[in-house]
Amino acid sequence: MIKLQQDTEGFIRMTRHFPAGAPIIIGFADGSSEECTGRQLNAAYDAAVAEYRTQNHLDAKGFSRSPRKRTDAGIKIEFVRVQPGLAG
């Protein structure tokens, strides 16, 4: 069982996918908690990655196809916004 805690801004720290069948308990900032599966949380992570790539004009693999100067490749996200009702 994996336990995660939501911060005051509504995010949990998630840098990778969890096993699909793993039970995960999320403690929310309002004091409530909810159990969900790794599959449900992985879907939220994938949606956050897709949104990040869209907002930053990146392709599906996370690359910018426009000419650019050498910069940090910071295409990895570490925080995912969650809210009660994720499992349902």
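The coordinates are above.
Basis of the calculations
- Residues numbered from 1 in each chain as written.
- Predicted model: local features only at pLDDT ≥ 70, side-chain atom pairs only at ≥ 80, totals over all residues.
- Heavy atoms only, no water.
- Helix = DSSP H or I, 4+ residues; strand = E, 2+ residues; numbered from the N terminus.
- Buried < 20%, exposed > 50% of the residue type's maximum accessible area, 1.4 Å probe, protein only.
- Contact = heavy atoms within 4.5 Å.
- Salt bridge = Lys/Arg side-chain N within 4 Å of Asp/Glu carboxyl O.
- Pairing = 2+ DSSP bridges.
- Axes fitted to C-alpha atoms, helices over the stretch in contact; angles between N-to-C directions.
- Lys, Arg positive; Asp, Glu negative; His and termini not counted.
- Polar contact = N/O pair within 3.5 Å; in protein donor to acceptor, adjacent residues only side chain to side chain.

**Student:** Please give an account of the overall build of the protein chain that cites residues and values.
**Tutor:** When you go through the protein chain residue by residue, the secondary structure sums to one helix and five strands. Going from N to C terminus, the protein chain has its helices and strands arranged as β-β-β-β-α-β. Counting only residues that meet the buried cut, the protein chain has 28% of its 88 residues in that class. The long-range fraction of contacts in the protein chain, counting pairs at least 24 apart against all pairs at least 6 apart in sequence, stands at 48%.

**Student:** Can you tell me about the environment of Y45, naming the residues and giving the values?
**Tutor:** Note that Y45 resides in helix α1 (residues 38–55). When its relative accessible area of 11% is taken as the criterion, Y45 is described as buried. Sequence-wise, Y45 and F79 are 34 residues apart; in three dimensions their C-alpha atoms are separated by 8.5 Å. If we ignore the near neighbours within four places in the chain, the residues touching Y45 are M14, T15, R16, H17, I77 and V80.

**Student:** Which residues make up the pattern of salt bridges, and what values do they have?
**Tutor:** One pass over the full model with this rule turns up one salt bridge. As a salt-bridge pair, E78 and R13 come within 2.8 Å of each other at their nearest N and O atoms. Of the two residues, E78 is situated in the loop between α1 and β5 (79–81) and R13 in strand β2 (residues 11–13); the sequence distance between them amounts to 65 residues.

**Student:** For the sheet that holds strand β4 (residues 33–37), give the residues involved together with the corresponding values.
**Tutor:** Taking strand neighbours across the sheet as the criterion, the three strands line up as β1-β3-β4 in an open arrangement whose pairing is mixed. Edge positions in the open sheet fall to β1 (2–5) and β4, since each of these has one partner strand only. For this sheet, the mean angle separating the axes of adjacent strands, direction not counted, is 25 degrees. Pairing geometry for strand β3 (residues 23–27) and β4, over five bridges, is antiparallel.

**Student:** Go over the pairing of β3, please, and point to the residues and values.
**Tutor:** Sheet analysis places β1 next to β3, joined by four bridges and oriented parallel. Bridged to I2 within β3 is I24. With antiparallel pairing between neighbouring strands as the criterion, β3 and β4 make up a hairpin whose turn holds five residues, including G31 at a positive phi of roughly 100 degrees.

**Student:** So what's going on with the side chain of E34? Which residues, and what values?
**Tutor:** Looking at the element boundaries, E34 is found in strand β4. Here E34 sits buried without a salt bridge, and the closest side chain of opposite charge, R81, lies 15 Å off (N-O distance). A polar contact is formed between the side chain of E34 and the backbone nitrogen of G85, at a distance of 2.7 Å.

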